[in-house]
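Listed here are the chains, written in short residue letters.
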Amino acid sequence: MIGVGHLLEVIWPIVDRNIGGPDAAERFVGVTADAADVARKRDVFGFEIVLDDNLGALRRNRPDLVLFAPPPTVAPELIRSVLAPYVAERRADGGPLPVVYAFPPVPAGSAYLEAIGTDVLVANIIPNNVTTIGGVPVDDEGFYVCTFPAPWPAEHRDLLRSVFDGQGAQVELEPHQLIPMLGGAATVSALWYAIPAIADLSGADHNQVGRFLRAHLDPSVGPAAAPPGAGALAGLIEGWRDGVARYQGETDIDPAAADVLRTRGLDLTLHTAAVEPRGVLHGHAVGAATKGGVLELAITRTGEHLLPAVETALGRQADPAWPGRVAGLVAETCRAVRDHGRTLAG
């Protein structure tokens, strides 16, 4: 594991369950640049965590699989200075080359192949960062996204699915669709930030708001009591859904895949908001947001544009145009997040 930060810590329970096990400490090694947190990370993961020695860790471990998760702004340099020389050494030795699961949304997998060679299997992966809800392991909720810059053998695709079993639906996109996908996904995730703030504006409990919003989009989850301002909140979540759909319709993502991303993303986010305390929602949103990244921008725009509109709507009589206004603001946020994502890592 290169770049052992928040993301790998969040998904480790899934990885550990699927390919870890009692001998994980003998097989896994992680590298971090966070000197102040090394001891805690060792306790969390239960295996060796190395400080700032990526090449040394790779050379000692000789991994079959590299989970590569540095910030997007750091990733290009680590590809050049760490992955490229290490793969060259493995190639010269005549041994098998490692498979790379790349978690930064950028650069695209093609940049890895250009730097380290087209004989290496690389996948860009956006995982599902919710592994439990209310202490119960998540099973087939949400989604994770994969892109492949070159064809992958069937056995390696099967292995990838087994590593992420329990992460929800696998959605495969073309590499150029990854950043457009994040425009919508990050704006959905911003609801983790928005719902507690909306609850404060409406004078309701945030879990009650989460239950109401989830049931309004999907009555099959069961009835939910209406919180104060229920009419405005119903229009809000309809507009949020429709704004994401409007934005997705501007992309070339297959409509069926877009529907999975939108429907499952909203349901997972609202299910979490319906059950978890505020601290967990804060961790999923603000805590998970890479500084300068796409989720941070989605949260910022939500606070600047959507929450003031909600506050105004809660103080007015029912307005049939309200869901459409929300949809417009949400679509604009999706576009801004997409455009920002394209600037990351050059």
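Just so you know, these numbers come straight off a predicted model, no measurement behind them. (Residues numbered from 1 in each chain as written. Predicted model: local features only at pLDDT ≥ 70, side-chain atom pairs only at ≥ 80, totals over all residues. Heavy atoms only, no water.)

### Brief notes about the packing of helix α9 (residues 191-202) against helix α14 (residues 294-314)
- Contact geometry for α9 and α14: axes closest at 10 Å, N-to-C directions at 25°. Comparing the axis directions of α9 and α14 gives the class roughly parallel. Crossing of α9 against α14: the hand is right-handed. The residues of α14 that touch α9, namely those facing Y193, A194, A197, I198, L201 and S202, are I299, T302, G303, L307, V310, E311 and L314.
- Partitioning the contact of α9 with α14 into residue classes produces nine nonpolar, three polar and one charged. (Axes fitted to C-alpha atoms, helices over the stretch in contact; angles between N-to-C directions. Helix = DSSP H or I, 4+ residues; strand = E, 2+ residues; numbered from the N terminus. Parallel < 35°, antiparallel > 145°, perpendicular 65-115°, else oblique. Left-handed = near helix turned anticlockwise from the far one by under 90°. Contact = heavy atoms within 4.5 Å. Nonpolar A, V, L, I, M, F, W, Y, C, P; charged D, E, K, R; others polar.)

### Some thoughts on the pairing of strand β5 (residues 122-126)
- Counting buried positions over the five residues of β5 gives five, a clear majority of the element.
- For strand β4 (residues 99-102) and β5, the ladder comprises three bridges, and the chain directions are parallel. Bridge pairing links A102 to N124 in β5.
- In this sheet, strand β8 (residues 143-147) lies alongside β5 in antiparallel orientation, the contact comprising three bridges. (Buried < 20%, exposed > 50% of the residue type's maximum accessible area, 1.4 Å probe, protein only. Pairing = 2+ DSSP bridges.)

### Points about the sheet that holds strand β3 (residues 65-68)
- The strand order across the open sheet formed by five strands is β3-β4-β5-β8-β9, and the pairing between neighbours is mixed. Edge strands, defined here as strands with exactly one partner in the open sheet, are β3 and β9 (169-172). If you compare each strand with its neighbour and ignore which way they point, the axes differ by 25° on average.
- In this structure, β3 lies alongside β4, joined through four bridges in parallel fashion. Note that in β4 the partner of L67 across the bridge is Y101.

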